[in-house]
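What the coordinates show
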Amino acid sequence: MVLGNHSTITEFIFLGLSADPHIQILLFVLFLAIYLLTIMGNLMIMIVTMTDTHLHTPMYFFLSHLSFLDLCLTSVIVPKMLENLVSHKKSVSVEGCLTQAFFVFSIAGTEVFVLSAMAYDRYTAICYPLLYGQLMSKQLCGGLVWVSWALGFLDALINTLMAWNLDFCEVQVIPHFSCELPSLFPLSCSDISTNFTVLVCSAIIHASGTLLLVFFSYTRIVSTILSISSTSGRSKAFSTCSSHLTAVSFFYGSAFLRYFMPISGSPLELIFSIQYSVVTPLINPLIYSLKNKEVKSALKRMLQKGLKQLREQRTGSG
């Protein structure tokens, strides 16, 4: 319900990261480079995990889905950001804004569930190595991914449909570079108390449910690793978890701080949003390729195979 007499607006204006045209050009070049590298890195991970038979395991099955989610998340946000950096009218329709907010929320929510499923996979591999193949069957892995997508989609759908019923009046400036639900609430002239409560509750359920699983998994993992007598064994067991733990820390920290912190339009909100939606999708492929011997070996094999085929084609055409 609209509070008072107001005219409803039909579009929002982004303030973005800077109003200085020269800085905007620099930011455009920077984020375009980041976006292209993110696409290349995540596509590389997806291709190598699907084509290399050595990586057809539950761990890399989840990693391929994580890369796909990172690719989707950055593609929902960065192209519109780039458009706004070079255009005079930095606007988006209310419907377009809510649509972007839905995809950001659903993809980020799904990624949280996939990361917790990856933690459970590492727990099973290290704590029950002899039963790993039975416990982490293809059916279970596929089911965990489908449940992750379903829960992320449902959570986003509930929150976005509630926001769709809000009226936005007079104030149409978003102090941000993209549409996220927390940034839209202060612009509404409707009563947002129910929307805010549902958003906070869903974020808490997301956080508590997935973080508890991650915490439980790594508590058991650490306990098991410490019980290993050999130093090399402990090092090998820990190395299989370090990449995932780094990815969890980057994504969980920034995403949950973004959605739990008070809505104030502060620079911290922009920083947290950039970290989980732009920076994390860029560094995840680096984390999993630079710190993972199996992925590095698979990339080397794929590169050698590609070069061999290229030489054969040149020899055949010559």
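Nothing here was measured: the structure is a model prediction, and the numbers come from that model.

**A look at a nonpolar patch on the surface**
On the surface, a cluster of nonpolar side chains totalling about 400 Å² of accessible area is made up of Tyr128, Leu130, Leu131 and Leu135. Within the fold, leucine 130 resides in the loop between α3 (94–127) and α4 (132–135).

**Things to note about the packing of aromatic side chains**
Enumeration according to the criterion identifies eight aromatic pairs in this entry. Consider the rings of phenylalanine 102 and phenylalanine 103, whose centres lie 5.2 Å apart with planes at 70°: the pair is edge-to-face. Given a relative accessible area of 11%, phenylalanine 102 falls into the buried group.

**Focus: the pattern of salt bridges**
According to the stated counting rule, one finds four salt bridges in the structure shown. With its nearest N and O atoms 3.0 Å apart, the salt bridge here joins aspartate 52 to arginine 301. A residue pair is termed long-range when its members are at least 10 positions apart, and aspartate 52 in the loop between α1 (21–51) and α2 (58–86) and arginine 301 in helix α10 (residues 293–317) qualify at 249 residues. Between aspartate 121 and arginine 122 there is a salt bridge, with the nearest N and O atoms lying 3.0 Å from each other. Each member of the pair, aspartate 121 as well as arginine 122, is classed as buried.

**What to know about the packing of helix α5 (residues 138–164) against helix α7 (residues 193–226)**
Here α5 crosses α7 at 170°, and the two axes come no closer than 10 Å. Relative to α7, α5 is oriented roughly antiparallel. In this structure, α5 contributes Asp155, Ile158, Asn159, Met162 and Ala163 to the contact, and α7 contributes Thr194, Asn195, Val198, Leu199, Ser202 and His206. When the residues that make up the contact of α5 with α7 are grouped by side-chain class, the tally is five nonpolar, five polar and one charged.

Parameters and conventions
- Residues numbered from 1 in each chain as written.
- Predicted model: local features only at pLDDT ≥ 70, side-chain atom pairs only at ≥ 80, totals over all residues.
- Heavy atoms only, no water.
- Patch = residues over 30% accessible without salt bridge, like charges linked within 9 Å, V, L, I, M, F, W, Y side chains within 5 Å.
- Areas by Shrake-Rupley, 256 points an atom, 1.4 Å probe, with all protein chains shown as cover.
- Salt bridge = Lys/Arg side-chain N within 4 Å of Asp/Glu carboxyl O.
- Helix = DSSP H or I, 4+ residues; strand = E, 2+ residues; numbered from the N terminus.
- Phe/Tyr/Trp six-rings, centres within 6.5 Å; stacked < 30°, edge-to-face > 60°.
- Buried < 20%, exposed > 50% of the residue type's maximum accessible area, 1.4 Å probe, protein only.
- Axes fitted to C-alpha atoms, helices over the stretch in contact; angles between N-to-C directions.
- Parallel < 35°, antiparallel > 145°, perpendicular 65-115°, else oblique.
- Contact = heavy atoms within 4.5 Å.
- Nonpolar A, V, L, I, M, F, W, Y, C, P; charged D, E, K, R; others polar.

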